[in-house]
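Given next are the chains, with one letter for each unit.
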Amino acid sequence: MKAVRLHRYHERPSVDEVPEPAIKGPLDVLVRIGAAGLCRTDLHIYEGQWEHLTHPQLPFTLGHENAGWVEEVGSAVSNLAAGDTVILHPHITCGLCRYCRAGNEMHCTSSRFPGVDGTDGGMANYLLTDARSVVKLDPSLQPADVAALADAGLTAYHAVKKALPLLYPGTTALIIGAGGLGHIGVQALKAMSAATVIVLDRNQAALDLVRGYGPNHTVLADDGAAQKILDLTDGQGAEVVFDFVAEQGAEALGWNLTGRGGSH
Ligand code: ZN
């Protein structure tokens, strides 16, 4: 099969011919990939920023935002069948450690991270994973439409969900950045909270896109943007600021627009 493989840091990945992975364990699931998202984290991996975190063995196949269809399941897999449309949680987790049992799978003590830690990812025809990581979807969903939700979607949803107790009616949430994370954050906020939602971005096209998701205000990040947001919040700033940019000045701006007793 074909796979997008990283051989050396700072060197363009190549499309290689590699053997198809095969079911080994009873809970293994082989997924025919329908779509694999390209994430900014892939650029960080390419630059070697994960080297000190996970020491990936090169080469390996990139791709941690994966969706597709079940090709084959191990002998103990009872909740999936060949042909099911699925999206994959980015981690392969044990389900047995203290963190998995507490619902904190991202902290699993024996996890693997396909496409990131040297385990082969989804920029390939097939990906081998574990039944625990596979979420069955309605068959009408197309993998290409949902693959990025496996990471970018989870990240934005997780941030909004954690902040929900702070976002009671009458509060304001400011989203900095309406890109890959922020445009999902807006949708999560509108679906789950009663807060007034303000979205700030320097890209007018990004603001035009998120306007369709119903934020109360969109603000172009020009020189007067901070004052505009203060004007929209009675001079107080927002109760909760979600910084989905976190660089090039957004960090300081986020703190400056966080209200008294607010959360950043
Ligand atoms: Zn675990």
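As the structure is a computational prediction, the values presented were derived from the model and not from experiment.

Section: the domain arrangement of the protein chain
- In terms of domain boundaries, the protein chain breaks down into domain 1 (2-147) and domain 2 (154-263).
- Placing the centre of domain 1 and that of domain 2 at their C-alpha centroids yields a distance of 31 Å.

Digging into the nonpolar core
- Grouped together as the largest cluster of nonpolar side chains are 21 residues, with contacts concentrated most on Leu 167, Ala 173, Ile 175, Leu 189, Val 199 and Phe 242.
- Among the secondary structure elements, those contributing two or more residues to this core are helix H5 (152-163), strand S9 (172-176), helix H6 (182-192), strand S10 (196-201), helix H7 (204-211) and strand S12 (238-243).
- Setting aside residues no more than four positions away along its own chain, Phe 242 makes contact with Ala 159, Val 160, Ala 163, Leu 167, Ala 173, Leu 174, Ile 175, Ile 176 and Leu 189.

Re the sheet that holds strand S8 (residues 134-136)
- Read from one edge to the other, the open sheet built from 5 strands follows the order S7-S3-S5-S6-S8, with strand pairing classed as antiparallel. Because the sheet does not close on itself, it has two edges, and the strands there are strand S7 (126-130) and S8. Across the sheet, the mean angle separating the axes of adjacent strands is 45° when strand polarity is ignored.
- Note that strand S3 (residues 28-36) and strand S5 (residues 66-73) share 7 bridges and pair antiparallel. If you follow Arg 32 over to S5, its bridge partner there is Trp 69.

Quick word on the coordination of the zinc ion
- Taken together, the protein donors to the zinc ion comprise Cys 94 (SG), Cys 97 (SG), Cys 100 (SG) and Cys 108 (SG), at separations of 2.3 to 2.4 Å.
- Coordination at the zinc ion is tetrahedral: its 4 donor atoms span angles of 101 to 118° at the metal.
- Coordination of the zinc ion draws on donor residues from a single chain, spaced C-x2-C-x2-C-x7-C in sequence. Taken together, the residues span a long stretch of sequence, with Cys 94 in the loop between strand S6 (85-88) and helix H3 (98-101) and Cys 108 in the loop between H3 and S7 at a distance of 14 residues.
- According to the relative accessible area criterion, Cys 94 is partly exposed, its value standing at 27%.

A word on the sheet that holds S9
- Overall, parallel pairing links the 5 strands, which are arranged S11-S10-S9-S12-S13 in an open sheet. Pairing within the sheet leaves two strands with one partner each, and these edge strands are strand S11 (217-220) and strand S13 (258-263). For this sheet, the mean angle separating the axes of adjacent strands, direction not counted, is 35°.
- As defined by bridge partners, S12 adjoins S13 across 2 bridges and the pair is classed as parallel. Across the sheet, residue Val 240 finds its bridge partner in S13, namely Ser 263.

A few points about the layout of surface pockets
- Estimated volume of the second largest pocket: approximately 290 Å³.
- In terms of lining, the second largest pocket is formed by 20 residues, of which the most central are Pro 21, Lys 24, Thr 119, Asp 120 and Leu 128.
- No other element matches the 4 residues that S7 contributes to the lining of the second largest pocket.

Rules and cut-offs
Residues numbered from 1 in each chain as written. Predicted model: local features only at pLDDT ≥ 70, side-chain atom pairs only at ≥ 80, totals over all residues. Heavy atoms only, no water. Domains from an automatic or database assignment. Core = buried A, V, L, I, M, F, W, Y, C linked by side-chain atoms within 4.5 Å. Buried < 20%, exposed > 50% of the residue type's maximum accessible area, 1.4 Å probe, protein only. Helix = DSSP H or I, 4+ residues; strand = E, 2+ residues; numbered from the N terminus. Contact = heavy atoms within 4.5 Å. Pairing = 2+ DSSP bridges. Axes fitted to C-alpha atoms, helices over the stretch in contact; angles between N-to-C directions. Donors = N, O, S within 2.8 Å, 3.2 Å for Na, K, Ca; no water. Tetrahedral: all angles 85-135°; square planar, octahedral: opposite > 155°, others 65-115°. 1 Å grid on protein atoms, 1.4 Å probe; cavity = no way out; pocket = protein on both sides within 12 Å on 5 of 7 lines; lining within 4 Å. Points joined across faces, edges and corners; volume = space filled by probe spheres on them.

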